[in-house]
Amino acid sequence: MQQHKTCVAMLLAGGQGSRLGILTRHVAKPAVPYGGKYRIIDFPLSNCTNSGIDTVGVLTQYKPMELNSYIGSGAPWDLDKSDGGVFVLPPYSKGEEGEWYKGTANAIYQNLAFIEQFNPKYVLILSGDHIYKCDYAEMLAYHIKKEAALTVAVRPVPWEDASRFGLMNTDSEGRITEFEEKPKHPKSNNASMGVYVFTWDKLRQYLSEDERDPKSQNDFGKNIIPTMLAKGEHLVAWSFGGYWKDVGTIESLWDANMDLLLDSPPINLHDRKWRIYARNVGEPPHFASPGGVIKNSLVTEGCEIYGKVVHSVLSADVKVAPEAQVIDAVIMPHAQIGRGAIVRRAIVAEGAVIGENARIGEEEGDIAVVGSKTVVAPGHVLKAGEQLGD
């Protein structure tokens, strides 16, 4: 029997995240750890739950295994519903070979049959690589009120940064009159967040037309939105004023973690009214030895601190040996910092082992990165901006 949902969410989580370098060599970008207890995908999934959207398709592609097992049945986000829930959707298989998603629009096109079974009135398109808290129900209500074919979430960015974004130029009513992709001379600073609400029949129509165009790049920003604008469809912008971080680069991922250490963090991860849910493996409480020092840091369960941790974010089950120093760093789960090692302005990925007296990163310069399960030799020096790993 066909179900009837008001809104179904489709979460694009297949990105390789090449700008994250060796951090995404073995996992998809949405599965990258953040903030000690979370992974990036926890944010859009939690936003869906908190917004009352109980049916979410997660479109995977690149290195999906860890992401698939992490999502599981969706229970941590209360998305293990009998009449909805979370569904992992790999690229559709034709014959013996699967067909990889050619672009964001093609990814949704390949899953039209999945959406069809819920017969929704509206479809919410999300990205899996942003840190933010957003009430999608408010955006949906705005879309319905405006009787729009498409609503695009936008946020103001500094004018000096505007040329780095896709910009939505609007009239006084909030109707989108023009879309500019990274213009040299921007007319507005309304940057697209890559969050869309489509009226379902319009989405189906334009995706089908786009698929038939051999010249199309099958992308929402480059193809679908410009086509809808050209055909005079009613497109509106919905302004979002909260914290939003695209963690697509080493620097931005490090920055987003450091934001949590400010006296007044710009995103509240302790808000009981808008919880960010995650799949957390039970760990014993963290332990700091009498000689251990922890200052202005986030230290997660299961950590053992015998050395010095200053202004850093440590995920679960991290070991910091005696005489080791971790300063201005992000340490992901199960990593070990050896005796006398100094890790500074760096990201150390899951399960990495830093040898005794190694030097990772420097006091200034770009962020140094050690990849997952990488064993760094004793005394090794990794300079600012360098990456080490498989």
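Above this text you will find the structure in question.
Residues numbered from 1 in each chain as written. Predicted model: local features only at pLDDT ≥ 70, side-chain atom pairs only at ≥ 80, totals over all residues. Heavy atoms only, no water.

### Things to note about the overall build of the protein chain
Stated precisely, the cut-off is as follows: Put simply, DSSP marks the helices as runs of H or I at least four residues long and the strands as runs of E at least two long, and each gets a number from the N terminus on. The quantity called the radius of gyration is restricted to C-alpha atoms. Its globule counterpart is 2.2 Å times the number of residues to the power 0.38. Each residue is assigned to one of three classes by its accessible area relative to the maximum for its type, calculated with a 1.4 Å probe on protein chains only: buried under 20%, partly exposed between the two thresholds, exposed over 50%. Two residues form a contact once any of their heavy atoms are found within 4.5 Å. Accessible areas in this description were obtained via Shrake-Rupley with a 1.4 Å probe; residue shielding takes into account the shown protein chains only. Charge assignment in this entry is limited to Lys and Arg as positive and Asp and Glu as negative, and neither His nor the chain termini are counted. Note on charges: their place is set at NZ of Lys, CZ of Arg, CG of Asp or CD of Glu.
Regarding its fold elements, the protein chain presents eight helices and 33 strands. Over its C-alpha atoms the protein chain spans a radius of gyration of 22 Å, differing by no more than 12% from the 21 Å that the globule rule assigns to 390 residues. Overall, the protein chain is about 65 × 50 × 45 Å in size when its C-alpha atoms are taken along their principal axes. Counting across all 390 residues of the protein chain, residues that qualify as buried make up 54%. For the protein chain, the proportion of contacts with a sequence separation of at least 24, taken over those separated by at least 6, is 55%. Total accessible area on the protein chain is roughly 17,300 Å²; 48% of this is exposed by carbon and sulfur atoms. Averaging the locations of the 40 positively and 48 negatively charged side chains of the protein chain gives two centres separated by 1 Å.

### Digging into the sheet that holds strand β25 (residues 336-337)
Under the convention used in this document: In this analysis, strands are considered paired if DSSP registers two or more bridges between them.
If you walk across this open sheet you meet the six strands as β16-β19-β22-β25-β28-β31, and the pairing is parallel. The open sheet has two edge strands, β16 (287-288) and β31 (375-376), and neither has a second partner. In the sheet, β16 pairs with strand β19 (residues 304-305) via two bridges, with the strands oriented parallel. Within β19, the position partnered with Phe287 by the bridge is Glu304.

### With respect to the packing of aromatic side chains
Applied cut-off: Aromatic rings from Phe, Tyr and Trp, with only the six-membered ring used for Trp, were paired whenever their centres fell within 6.5 Å, and each pair was classed as stacked if the ring planes differed by under 30 degrees, edge-to-face if by over 60, and tilted otherwise. Cation placement over rings: the criterion is NZ of Lys or CZ of Arg within 6 Å of the ring centroid and within 35° of the ring normal.
Applying the stated criterion across every chain yields a total of 13 aromatic pairs. Ring centres of Tyr196 and Phe220 lie 5.5 Å apart, and the angle between their planes is 40°; on these two criteria the pair is classed as tilted. Residue Tyr196 is located in strand β13 (residues 190-199), and its partner Phe220 is located in helix α7 (residues 220-230); the two are separated by 24 residues in the primary sequence. Residue Tyr196 shares its accessibility class with Phe220, and that shared class is buried. Seen from their ring centres, Trp238 and Phe240 are 6.4 Å apart, and the 40° between their planes marks the pair as tilted. Pair check on accessibility: Trp238 and Phe240 agree, each one buried. Among the aromatic side chains, those forming a connected cluster through ring pairs are Tyr132, Tyr136, Trp238 and Phe240. Its guanidinium or amino end placed over the ring of Tyr70, Arg39 lies 5.3 Å from that ring's centre, counting from NZ or CZ. Just above the ring of Trp254 sits the side chain of Arg345; from NZ or CZ to the centre is 4.8 Å.

### Concerning the pairing of strand β12 (residues 176-181)
Consecutive residues of a regular strand have side chains that alternate between opposite faces of the sheet. The pairing of strand β11 (residues 166-170) with β12 spans five bridges and is antiparallel. The residue bridging Met168 from the neighbouring strand is Phe179, located in β12. In textbook terms, the turn of a hairpin is the stretch between consecutive antiparallel strands, and for β11 and β12 this stretch comprises five residues, one of which, Gly174, has a positive phi near 85°.

### Quick word on the sheet that holds strand β27 (residues 346-348)
Inclusion rule: Note on method: axes are straight lines fitted to C-alpha atoms, helices fitted across the in-contact stretch only, with angles between N-to-C directions ranging 0 to 180 degrees.
The sheet built from six strands is open, its strands ordered β18-β21-β24-β27-β30-β33 with parallel pairing. Whereas interior strands pair on both sides, the edge strands pair on one side only; in this sheet they are β18 (298-299) and β33 (387-388). Relative to β27, strand β24 (residues 330-331) runs parallel, the two sharing two bridges. Across the sheet, residue Val330 finds its bridge partner in β27, namely Ile347. On the sheet, helix α8 (residues 250-259) packs against β21 (313-314), β24, β27, β30 (368-370) and β33 and is oriented at approximately 90° with respect to β27.

### Focus on unusual backbone geometry
The phi dihedral of Asn119 is positive, around 45°, even though this residue is not glycine. As for its placement among the helices and strands, Asn119 is situated in the loop between α4 (112-116) and β8 (122-127). Residue Asn119 is classed as partly exposed on the basis of its relative accessible area, which comes to 26%. A positive phi angle is found at Asn357, which is not glycine, with a value near 60°. Examined against the element boundaries, Asn357 turns out to sit in the loop between β28 (353-354) and β29 (359-360). For Asn357, a relative accessible area of 43% corresponds to the partly exposed category.

### Re α8
Counting buried positions along α8 yields eight of ten residues, so the element is predominantly enclosed. Turning to α8, its buried residues are Ile250, Ser252, Leu253, Trp254, Ala256, Asn257, Met258 and Asp259.

### Focus: the environment of Leu12
With respect to the helices and strands, the residue Leu12 is situated in strand β1 (residues 7-12). A sequence separation of 114 residues divides Leu12 from Leu126, and the C-alpha atoms of the two residues are 6.0 Å apart. Non-local contacts of Leu12, meaning those with residues more than four positions away in its chain, are made with Leu59, Thr104, Ala107, Ile108, Ile125, Leu126, Ser127 and Gly128.

### Description of the side chain of His130
Counted only if it meets this: Distance and chemistry together define a polar contact, namely a pair of N or O atoms within 3.5 Å, with one atom able to donate a hydrogen and the other to accept it when in protein, and with adjacent residues in sequence counting only for side-chain atoms on both sides.
With respect to the secondary-structure elements, His130 resides in strand β9 (residues 130-132). Judged by its relative accessible area of 5%, His130 falls in the buried class. Polar side-chain contacts of His130 include one of 3.4 Å to the side chain of Asp129. Discounting residues that sit within four places of it in the chain, His130 has contacts with Ile40, Phe43, Pro44, Met193, Trp244, Lys245 and Asp246.

### Brief notes about the environment of Arg272
By the secondary structure assignment, Arg272 is in the loop between α8 and β16. Remark: the alpha-carbon pair of Arg272 and Trp200, spanning 72 residues in sequence, is separated by 33 Å.

### Remarks on the pattern of salt bridges
Operational definition: Salt bridges are counted wherever a side-chain nitrogen of Lys or Arg sits within 4 Å of a carboxyl oxygen of Asp or Glu.
Going through the model one piece at a time under the given rule, you end up with twelve salt bridges. Here Lys133 makes a salt bridge to Asp271, at a shortest N to O gap of 3.7 Å. Taken as a pair, Lys133 in the loop between β9 and α5 (136-146) and Asp271 in the loop between α8 and β16 lie far apart in primary sequence, 138 residues in all.

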